[in-house]
Amino acid sequence: MSTSIDDLLSFAEEPAEEAHRPGGGRARWVLRTLAVTAAIVVVVVVGLRAVGLQVSLWIIVAGVLAVLAVRRVTAALSPPPPPRAGGRAPAGEEPGTWNWAARDALRAAINGWERPLDWCSDNRERFTERVLPRLGELADERLRQKHGVTRESDPARARALLGERLWTFLGTPARRPPSPRDLAAIVAELEKLS
């Protein structure tokens, strides 16, 4: 079997889902609706008779069909479910509208740092327990990606790459949390790792 490059690079839209449905789709839907209606009507009639009430069977059937119709219409009009948390966004052009309900990854990342930093702004123990290990993980990941080492695997090389100020900051618990200016300088040094 031979495939040309044109066959590989050509784009054809996939047929709609309705085209894949077998011929008995409508009859199957009607039979399923009738079966569900009958089951619900039986349960309602038994429940009403158990409490001593009698209602016309046709009123119950009409009520059940009305509820099923409303359920079907609302399901058809509901928006699609939000994408899963780890899913990828589809590539290609944006439709030109902004999805205000979508989670902003940049905002989530900022909030992931903003809250602990704010919470630890005047508490040395909290800073040492919460923020310093995250900064150490960031430094190790940066070192691993750029140079193939971590602070644990090759301390001498990591110390030379990080610089004395950053090495001391990451390895020694602070007497007080750093000021925003000091923290900005430390993050800038982390970003300089190349």
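Residues numbered from 1 in each chain as written. Predicted model: local features only at pLDDT ≥ 70, side-chain atom pairs only at ≥ 80, totals over all residues. Heavy atoms only, no water.

### Examining the overall build of the chain
Argument step 1. The number of helices and strands found in the chain is nine helices and zero strands.
Argument step 2. Traced from its N-terminal end to its C-terminal end, the chain shows the element sequence α-α-α-α-α-α-α-α-α.
Argument step 3. By residue count, 18% of the 194 residues in the chain fall in the buried class.
Argument step 4. Excluding contacts between residues fewer than 6 apart, the proportion of contacts in the chain whose partners are at least 24 apart in sequence is 46%.
Argument step 5. Looking at the chain as shown, the accessible area adds up to about 16100 Å², and 58% of this sits on carbon and sulfur atoms. (Helix = DSSP H or I, 4+ residues; strand = E, 2+ residues; numbered from the N terminus. Buried < 20%, exposed > 50% of the residue type's maximum accessible area, 1.4 Å probe, protein only. Contact = heavy atoms within 4.5 Å. Areas by Shrake-Rupley, 256 points an atom, 1.4 Å probe, with all protein chains shown as cover.)

### Quick word on the pattern of salt bridges
Side-chain pairs of opposite charge can arise whenever the charged atoms involved come near each other.
Argument step 1. This model, assessed by the stated rule, comprises four salt bridges.
Argument step 2. We note a salt bridge from Asp-140 to Arg-151, for which the minimum N-O separation is 3.0 Å. Placement of the pair is Asp-140 in helix α6 (residues 124–147) and Arg-151 in the loop between α6 and α7 (155–162), with a sequence separation of 11 residues.
Argument step 3. One salt bridge in this structure joins Arg-144 and Glu-141, with 2.5 Å as the shortest N-O distance. Of the two residues, Arg-144 and Glu-141 both sit in helix α6, three residues apart, roughly one turn of that helix.
Argument step 4. On the basis of relative accessible area, Glu-141 is assigned to the partly exposed category, the value being 32%. (Salt bridge = Lys/Arg side-chain N within 4 Å of Asp/Glu carboxyl O.)

### Concerning the environment of Thr-150
Argument step 1. Position of Thr-150 among the secondary structure elements: in the loop between α6 and α7.
Argument step 2. Taking relative accessible area as the criterion, Thr-150 reaches 21% and is therefore assigned partly exposed.
Argument step 3. For the pair formed by Thr-150 and Glu-137, sequence separation is 13 residues and the distance between their alpha carbons is 9.3 Å.
Argument step 4. Ignoring sequence-local partners within four residues, the contact set of Thr-150 consists of Asp-140, Arg-144, Pro-155 and Ala-158.

### Some thoughts on helix α3 (residues 25–50)
Argument step 1. End to end, α3 covers 37 Å across 26 residues, agreeing with the expected 38 Å (1.5 Å per residue, within 8%).
Argument step 2. Taken residue by residue, α3 has Gly-25, Thr-37, Val-41 and Val-45 as its buried positions.
Argument step 3. Once α3 ends, the next one or two residues include Gly-52, with phi positive near 90°. (Expected span 1.5 Å × (residues − 1).)

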